[in-house]
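Survey of secondary and tertiary structure
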Amino acid sequence: MSVLKLGLPKGSLQDATVQLFDKAGFKVTISSRSYFPTIDDAEIECMLIRSQEMSRYVEQGVLDAAITGLDWILNRDVVRVAELVYSKQLRSPVRWVVAVPKDSPIKTIQDLTGKRIATEAVDLTKQFLDENKIEAEVEFSWGATEVKPPYLADAIVELTETGSSLRANNLRIVHEIMHSTTQLIANRQSWEDDWKRTKISRIAMLLRAALAARGKVGLMLNVHEANLTQVENLLPSLKSPTVSKLQAEGWYAINTIVDECLVRDLIPQLKDAGAEGIVEFPLNKIVD
């Protein structure tokens, strides 16, 4: 039996990735003592690896495919299969930024000349400095990067979602280097294999579908034809509501998908407009 070797990110993206796979239909179970999660698909073998190392192992063919950040696949010869916009806390890209203490004299990136910069993303930082013709010392940070300025570093290059950790450590952002999104990547040789390409593509489709369903719910309701137009005008939808005739004379059933945040206001409005038998239900996937 063919098997796909799939890398899952260990660390900040780990829980969000497991939850996404669950919504996509894959049950991933991680043991605190193992780097080899189990998954309820006999055609997939999983391994937990830090995002920073993931693209190297995919490029070398140790892994067929993996989930990692865009920032960690720059200059790597891998196939970008799908962009998956999710992160540890938010449903949006994360940012790599240059940050300094609030009272630092550093105001622009040009002021970094001759300074010491601590970061986990050494290659990204050096590339950024080279592109801007800035000479500075870049040192690798093993963690807790936010606490290093001003005593251990003049500035840091750090990944942030909300900026709250930077603010908590009295840091301010000087410059935004790049936005980064989560990516499903594949080894080029694996991508040329028909079975593996099909398997990876189907995983990508299901993950995208799970992301598309975030924050959405389904609504089913019945309405008499006398109130049909009024009810339809209240309903937002991905395209348009599905309207079907019922056996009862003059009655229709409506199915639609709406943003979950709208439902608490929408349901009373639908009821007032003449809708009956309103049912709200959760969604796991929306496949285009």
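In the block above lies the structure referred to throughout.
Everything quoted here is computed from the prediction, not taken from an experiment.

1. Comments concerning the overall build of the protein
Looking only at helices and strands, one finds eight helices and 16 strands in the protein. Rg of the C-alpha trace for the protein: 24 Å, well past the compact-globule value of 19 Å for 288 residues, more than 25% over. In terms of overall dimensions, the protein has a C-alpha envelope of 80 × 55 × 35 Å along the principal axes. A sequence separation of at least 24 residues applies to 69% of the contacts in the protein between residues at least 6 apart. Within the structure as shown, the protein displays about 15700 Å² of accessible surface, and the carbon and sulfur contribution to it stands at 47%. Counting 34 positive and 39 negative side-chain charges, the protein places the centres of these two groups 3 Å from one another.

2. Things to note about the layout of surface pockets
Of the voids in this model, the second largest pocket is the one considered here, and its volume is about 450 Å³. Secondary-structure elements contributing two or more residues to the lining of the second largest pocket are α2 (51-60) and α3 (122-131).

3. Quick notes on unusual backbone geometry
Across the junction of P149 and P150, the peptide omega takes the value 5°, indicating a cis bond. Position of P150 among the secondary structure elements: in the loop between β9 (137-140) and β10 (155-160). Even without a glycine there, the phi angle at N75 is positive, about 70°. Looking at the element boundaries, N75 is found in the loop between β5 (65-69) and β6 (79-84).

4. Quick word on the pattern of salt bridges
Evaluation of the coordinates by the stated rule reveals 12 salt bridges. Residue E43 pairs with K199 through a salt bridge whose shortest N-O separation is 2.9 Å. Of this pair, E43 sits in the loop between β3 (38-39) and β4 (44-50) while K199 sits in helix α6 (residues 194-212), and the two are 156 residues apart along the sequence. A salt bridge links D77 to R188, with the nearest nitrogen and oxygen atoms 2.4 Å apart. Residue D77 is located in the loop between β5 and β6, and its partner R188 is located in helix α5 (residues 188-192); the two are separated by 111 residues in the primary sequence.

5. Digging into α2
Along an α-helix, residues three or four positions apart point the same way, because every turn accommodates 3.6 residues. Inspection of α2 places S51, M54, S55 and V58 among the buried residues, and these make up the whole buried set. For α2, the angular spread of the buried residues around the axis is 85°, confining them to a single face. Where α2 is buried, its residues meet β1 (4-10), β4, β5 and β12 (182-186). The positive-phi residue at the C-terminal boundary of α2 is G61, with phi of around 90°.

6. Let's talk about the environment of W251
Counting through the fold element by element, W251 comes out in strand β15 (residues 251-259). Along the chain, W251 and H224 lie 27 residues apart, while their C-alpha atoms are 4.4 Å from each other. If we ignore the near neighbours within four places in the chain, the residues touching W251 are N222, V223, H224, S244, K245, L246 and E276.

7. With respect to the packing of helix α1 (residues 14-24) against α6
Helix packing for two helices is described by the angle between their axes and how far apart those axes are. α6 packs onto α1 with a crossing angle of 100° between their chain directions and a minimal axis gap of 8 Å. Of the possible angle classes, the one that applies to α1 and α6 is roughly perpendicular. Taking contact as the criterion, the partners of L20, F21, K23 and A24 in α1 are, on α6, I203, L206, L207, A210 and L211. Class assignment for the residues of the contact of α1 with α6 results in eight nonpolar, no polar and one charged.

Reading the values: the criteria
Residues numbered from 1 in each chain as written. Predicted model: local features only at pLDDT ≥ 70, side-chain atom pairs only at ≥ 80, totals over all residues. Heavy atoms only, no water. Helix = DSSP H or I, 4+ residues; strand = E, 2+ residues; numbered from the N terminus. Rg over C-alpha atoms; globule rule 2.2 N^0.38 Å. Contact = heavy atoms within 4.5 Å. Areas by Shrake-Rupley, 256 points an atom, 1.4 Å probe, with all protein chains shown as cover. Lys, Arg positive; Asp, Glu negative; His and termini not counted. Charge placed at Lys NZ, Arg CZ, Asp CG, Glu CD. 1 Å grid on protein atoms, 1.4 Å probe; cavity = no way out; pocket = protein on both sides within 12 Å on 5 of 7 lines; lining within 4 Å. Points joined across faces, edges and corners; volume = space filled by probe spheres on them. Salt bridge = Lys/Arg side-chain N within 4 Å of Asp/Glu carboxyl O. Buried < 20%, exposed > 50% of the residue type's maximum accessible area, 1.4 Å probe, protein only. Arc of directions from axis to C-beta. Axes fitted to C-alpha atoms, helices over the stretch in contact; angles between N-to-C directions. Parallel < 35°, antiparallel > 145°, perpendicular 65-115°, else oblique. Nonpolar A, V, L, I, M, F, W, Y, C, P; charged D, E, K, R; others polar.

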